[in-house]
Amino acid sequence: MRLLIIGAGVTGCFTAACLMRKGVDVSVLARGDKATRLERDGLRMRDGLSGAEATVHLKVVRAPVVETYDVVMVCVQAQHRVSLIPLLRELPGRPTIWYLGNTTQGYDSECEQLGRDRVVGGFPGVGGTWEGETLVYADREKLKHKPLDRLIIGEAHSEAAAAAQKVQRYLQRVGMNIARYLPIMAWHWSHIAFVLPLAGAAYQHDQDLDAVVADRALLKQTIRATAQGFAAVRRAGYIILPRGLNFMRWIPPAHGAGRIASLLQSVFGRIALAGHAATARAEMHGFATDFLALAGPEAGP
């Protein structure tokens, strides 16, 4: 199975490197100076927890794409997805289109233009940021933990079930940790309900996580906002996925504040959460607007 990744940012480059280590035939679509640097110097990576560094030489593809791929993974922020539709429609063959990243808009527009039988959604298992040309990543909360090399997949509509299953089985055979969640929008809304309050807390103190941790009132408010968010997701007719997150609906704010403080003080929190919040502020703003509309006035203050 041949894979193409569109999006040479943190998600795209890290996912490509993970897949290459598993022996997958994967290429990355890049343009301009980014493509030139990747071809010339490779991808420089540093594990934010251990400090270990490595250089990975990715296979780089430039537009227009002339080769045929079985799966195309789209790793861009939500507001950039629509601009890629013309490129995706012109790809040779009919590859499965796998959007890796959060969405509040669903996939109806993409399905209408690309085909309901081949559009799937999902999420990567990494967070990171760029330090110059080095990708600094955090794929687990503590160094002693196993890496979170999990990819999330789930079809947008039932017509794509066969495509999702085929990708899932292949990646599991090569050793990837891949989880399938249905319906995929339930997973997206659950994740957004969890992440938005954390991002909001970070923005409240301009990404200064030490200040966030010291603000216990803000941490308690973050817990209450998360519980309200999960309640809103359930009122909208979605289940909470993964189901283990349901504990956030009942955790006492004081206890939950301690849990959040521990997360934000970890290297994972500083790289994966704060780093993403800093680089994806426009995306987060769009998600917040859509989520408040989903929640409606019943959500509370």
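For the structure, check the block above.
Analysis parameters
Residues numbered from 1 in each chain as written. Predicted model: local features only at pLDDT ≥ 70, side-chain atom pairs only at ≥ 80, totals over all residues. Heavy atoms only, no water. Buried < 20%, exposed > 50% of the residue type's maximum accessible area, 1.4 Å probe, protein only. Helix = DSSP H or I, 4+ residues; strand = E, 2+ residues; numbered from the N terminus. Pairing = 2+ DSSP bridges. Right-handed = clockwise from strand over helix to strand, strands pointing away. Axes fitted to C-alpha atoms, helices over the stretch in contact; angles between N-to-C directions. Phe/Tyr/Trp six-rings, centres within 6.5 Å; stacked < 30°, edge-to-face > 60°. Lys NZ or Arg CZ within 6 Å of the ring centre and 35° of its normal. Expected span 1.5 Å × (residues − 1). Contact = heavy atoms within 4.5 Å.

Chemist: Help me understand the pairing of strand β8 (residues 119-123) in this model?
Modeler: On a regular strand, one side chain projects to one face of the sheet and the next to the other, so that they alternate. Counting buried residues along β8, five of its five residues qualify, which places the element largely inside the surrounding structure. Burial of β8 is two-sided: the residues Val-119, Gly-121 and Phe-123 facing one way and the residues Val-120 and Gly-122 facing the other way are all buried. Here strand β7 (residues 96-100) pairs with β8 via four bridges, running parallel. Bridge pairing links Trp-98 to Val-120 in β8. Of the crossover connections in this fold, the one passing from β7 over helix α4 (residues 108-114) to the parallel β8 is right-handed.

Chemist: Can you help me understand the sheet that holds strand β12 (residues 177-180) in this one?
Modeler: Through backbone hydrogen bonds, the strands of a sheet pair up, either in parallel or in antiparallel fashion. Reading across from one edge, β5-β2-β1-β6-β7-β8-β11-β12 is the order of the eight strands in this open sheet, with mixed pairing throughout. Pairing within the sheet leaves two strands with one partner each, and these edge strands are β5 (59-61) and β12. Averaged over neighbouring strand pairs, the angle between their axes works out to 30° when direction is ignored. Bridge count for strand β11 (residues 150-155) against β12 is four bridges, and the pairing is parallel. Across the sheet, the residue bridging to Arg-150 is Asn-177, located in β12.

Chemist: Quick question: what am I supposed to make of the packing of aromatic side chains here?
Modeler: Geometrically, a pair of aromatic rings is defined through the distance of the ring centres and the angle of the planes. Under the defined criterion, the tally for this structure stands at six aromatic pairs. Ring centres of Tyr-99 and Tyr-107 lie 5.8 Å apart, and the angle between their planes is 40°; on these two criteria the pair is classed as tilted. Tyr-107 matches Tyr-99 in its accessibility class, with the two residues each being buried. With a centroid separation of 5.2 Å and an interplanar angle of 40°, the aromatic rings of Phe-123 and Trp-187 are classed as tilted. Here Phe-123, found in strand β8, pairs with Trp-187, found in helix α6 (residues 184-204); they are 64 residues apart in sequence, far enough to count as distant. These aromatic residues form a ring-pair network of at least three members: Phe-123, Tyr-181 and Trp-187. Across from the ring centre of Tyr-203, 4.1 Å away, lies the NZ or CZ of Arg-281, which sits over that ring.

Chemist: Sorry if this is basic, but what is going on with helix α10 (residues 267-279) here?
Modeler: An α-helical turn contains 3.6 residues, so any two residues separated by three or four positions project in the same direction. For α10, spanning 13 residues, the distance from its first C-alpha to its last is 17 Å, which sits close to the expected 18 Å at 1.5 Å a residue. Here α10 has its buried residues at Phe-268, Gly-269, Ile-271, Ala-272, Ala-274, Gly-275 and Ala-277. Of the surrounding elements, those touching the buried residues of α10 are β9 (127-131), β10 (134-138), α6, α7 (209-214), α9 (253-265) and α11 (281-295).

Chemist: Can you help me understand unusual backbone geometry in this one?
Modeler: In this model, Ala-63 is joined to Pro-64 through a cis peptide bond whose omega is -5°. Cis geometry marks the peptide bond from Leu-182 to Pro-183, where omega comes out at -10°. Within the element layout of this structure, Pro-183 appears in the loop between β12 and α6. A positive phi angle, close to 55°, is found at Asp-206, a residue other than glycine. Along the chain, Asp-206 falls in the loop between α6 and α7. For Asp-206, a relative accessible area of 60% puts it in the exposed group. Not every positive phi belongs to a glycine, and Gln-207 is a case in point at roughly 65°.

Chemist: Help me understand the sheet that holds β9 in this model?
Modeler: The mixed open sheet is built from four strands, whose spatial order is β4-β3-β10-β9. The open sheet has two edge strands with one neighbour each: β4 (53-56) and β9. Looking at each pair of strands side by side, their axes are set apart by 30° on average, direction ignored. Together, β3 (43-47), β4, β9 and β10 form the strand contacts of helix α1 (residues 10-21), whose direction differs from that of β9 by roughly 110°.

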